[in-house]
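One-letter residues, chain by chain:
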Amino acid sequence: MRVRPRLVAVIGVVAVVALSGCAGGPGPATDGDSPTGDLNSPPTDPAGVDPGDPDDTTWTGTVVRVVDGDTMEVEFPNGEVDTVRLLGVDTPETSADVTSPGEFEGIPNTDAGRAHLRAWGGEAAAFAESELAGEEVTVVAGGDRRGGYGRLLAVLYVDGEDFNERLLTEGYARLYDTEFALRDAYAAAEADARERGVGLWAFDESDSPADAGAVDAPVPA
């Protein structure tokens, strides 16, 4: 059952810490005075054209490249291309030496566990590629909009649907547990996916390669 967030009128400052489970993850947010956006649903007619404008919090753009399951490059109406890091979610890494089973509850810190996560990192990247590449999306930032690497921290909406939450619902990602407006809804989506044993939560050690480096995970071009 899909979990729908309740309407949130105003969100607090997004407390962003370094994403230890995602290589190159954003560090502490750098724009403490940026305005807040309504993450609950995208506006029907976003007016923003420049994600560098501190007066804008919502924009329409086109996904021109999928970096991995939770990071995309989006071209905005002003012609600028910016990197968007999906807020509140974390997909597994596709490199065996940086997978972090300890961040995915129930996945053991073994070769089989790391191979499982590496494979699902590839699955998440392939899923994002299939769903987002070339698509028009609405990008909604709230509170502190950028991480220490300058990436936009945002929720992506595709045809009005929260793509961040969809990654959780379908078992491609875990909750990245910081303070943000949709945190409770995202936690419920992850809990439901784990209970159903879907996606990466369907771990069976007997079905996983013993060698974490043996999995050829698909990576978008």
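In short, a report on the structure. Not measured: the values here are computed from a predicted model.

**A word on the overall build of the protein**
Helix and strand content of the protein: three helices and eight strands. The order of helices and strands in the protein, counted from the N terminus, is β-β-β-β-α-β-β-β-α-β-α. In the protein, which comprises 221 residues, the share counted as buried stands at 52%. Across the protein, every contact between residues at least 6 apart in sequence was considered, and the portion connecting residues at least 24 apart equals 68%. Of the roughly 9700 Å² that the protein leaves accessible, carbon and sulfur atoms contribute 46%.

**Here's the deal with the pairing of strand S3 (residues 81-86)**
With five bridges joining them, strand S2 (residues 71-75) and S3 adopt antiparallel strand pairing. Of the residues in S3, the one forming a bridge with Met-72 is Val-84. The antiparallel hairpin formed by S2 and S3 contains five residues in its connecting segment, where Gly-79 sits at a positive phi of about 90 degrees. Pairing of S3 with strand S6 (residues 152-158) involves three bridges; the strand directions are parallel. Opposite Val-84, over in S6, you have Leu-152 as the bridge partner.

**Some words on the environment of Leu-153**
Position of Leu-153 among the secondary structure elements: in strand S6. Given the relative accessible area of 3%, Leu-153 is considered buried. Along the backbone, Leu-153 and Leu-86 are 67 residues apart, and their C-alpha atoms lie at a distance of 5.9 Å.

**A word on the pattern of salt bridges**
Between side chains of opposite charge, a pair can form as their charged atoms come close. Per the counting criterion, the structure on display carries 14 salt bridges. The partner of Asp-111 in a salt bridge is Arg-114, and the shortest N-O contact between them spans 2.6 Å. Here Asp-111 and its partner Arg-114 are both found in helix H1 (residues 111-132), three residues apart, which amounts to about one turn of the helix. Notably, a salt bridge pairs Arg-196 with Asp-192, separated by 2.8 Å at the nearest N-O pair. One end of the pair, Arg-196, and the other, Asp-192, are both in helix H3 (residues 183-196), four residues apart, so they sit about a helical turn from each other.

**Some details on the packing of aromatic side chains**
Scanning the model with the defined rule gives six aromatic pairs in all. Geometrically, the ring pair formed by Phe-104 and Trp-201 is tilted, given 6.3 Å between the ring centres and 45 degrees between the ring planes. Remark: Trp-201 occurs in the segment after H3 and Phe-104 occurs in the loop between strand S4 (89-90) and H1; sequence separation between them is 97 residues. No difference in accessibility class separates Phe-104 from Trp-201, as the two residues are buried. Grouping aromatic residues by their ring pairs yields a cluster made of Trp-120, Phe-127, Phe-163 and Tyr-172. In this structure, Arg-174 packs its charged tip against the face of Phe-104, placed 5.6 Å from the ring centre. Taking NZ or CZ as reference, Arg-194 lies 5.3 Å from the ring centre of Trp-201, over its face.

**Quick notes on the environment of Val-139**
With respect to the element layout, Val-139 can be found in strand S5 (residues 136-146). Accessibility expressed as a relative area gives 0% for Val-139, which makes it buried. Taking the C-alpha atoms as reference points, Val-139 and Pro-46, 93 residues apart in sequence, are found 9.2 Å from one another.

**A few points about the nonpolar core**
Judged by nonpolar contacts, the single largest core of 37 residues is most densely connected at Met-72, Leu-132, Val-139, Leu-156 and Phe-163. Going through the elements one at a time, strand S1 (58-68), S2, S3, H1, S5, S6, helix H2 (163-169) and H3 are the ones with two or more residues in this core. No other element matches S6, which puts seven residues into this core. Not counting the four nearest positions on each side in its chain, Val-139 is found in contact with Thr-57, Thr-58, Trp-59, Val-74, Phe-76, Val-84, Ala-154, Val-155 and Leu-156. Listed in part, the eight residues of the second largest apolar core include Phe-104, Ile-107, Leu-200 and Trp-201.

**Regarding the side chain of Asp-82**
Tracing the backbone through its elements, the reader meets Asp-82 in strand S3. Here Arg-146 takes part through its side chain, which lies 2.7 Å from a polar atom of the side chain of Asp-82. Look past the residues within four positions of Asp-82 in its chain and what remains in contact with it is Pro-51, Met-72, Glu-73, Val-74, Phe-76, Arg-146, Gly-150 and Leu-152.

Conventions and cut-offs
- Here, residues in each chain are numbered from 1, in the same order as that chain's written sequence.
- Only residues with pLDDT of at least 70 get local features here, since the model is predicted, and only at 80 or more are side-chain atom pairs given and counted; chain-wide, interface and lining totals rely on the full set of residues.
- Side-chain measures were taken over the full set of non-hydrogen atoms in the model, leaving aside hydrogen atoms and water.
- Elements are defined by DSSP. Helices are runs of H or I of four residues or more, strands are runs of E of two residues or more, and each kind is numbered from the N terminus.
- Each residue is placed in one exposure class: buried if its accessible area under a 1.4 Å probe, protein chains only, is under 20% of its type's maximum, exposed if it is over 50%, and partly exposed if it falls in between.
- Residues count as neighbours in contact if any of their non-hydrogen atoms are within 4.5 Å of one another.
- Accessible surface area values rest on a Shrake-Rupley calculation with a 1.4 Å probe, where residue burial reflects the displayed protein chains alone.
- Two strands form a pair only when DSSP identifies at least two bridges running between them.
- Whenever Lys or Arg places a side-chain nitrogen within 4 Å of a carboxyl oxygen from Asp or Glu, that contact is recorded as a salt bridge.
- Two rings from Phe, Tyr or Trp (for Trp, the six-membered ring) form a pair when their centres are within 6.5 Å of each other. A pair whose planes differ by under 30 degrees is stacked, one over 60 is edge-to-face, and the rest are tilted.
- By definition, being over a ring means that NZ of Lys or CZ of Arg is both within 6 Å of the ring centre and within 35 degrees of the ring normal.
- Nonpolar core, defined: a set of buried Ala, Val, Leu, Ile, Met, Phe, Trp, Tyr and Cys residues in which side-chain atoms within 4.5 Å join the residues together.
- Polar contacts, as used here, are pairs of N or O atoms within 3.5 Å; protein pairs need one atom able to donate a hydrogen and one able to accept it. Residues neighboring in sequence count only if both atoms are side-chain atoms.

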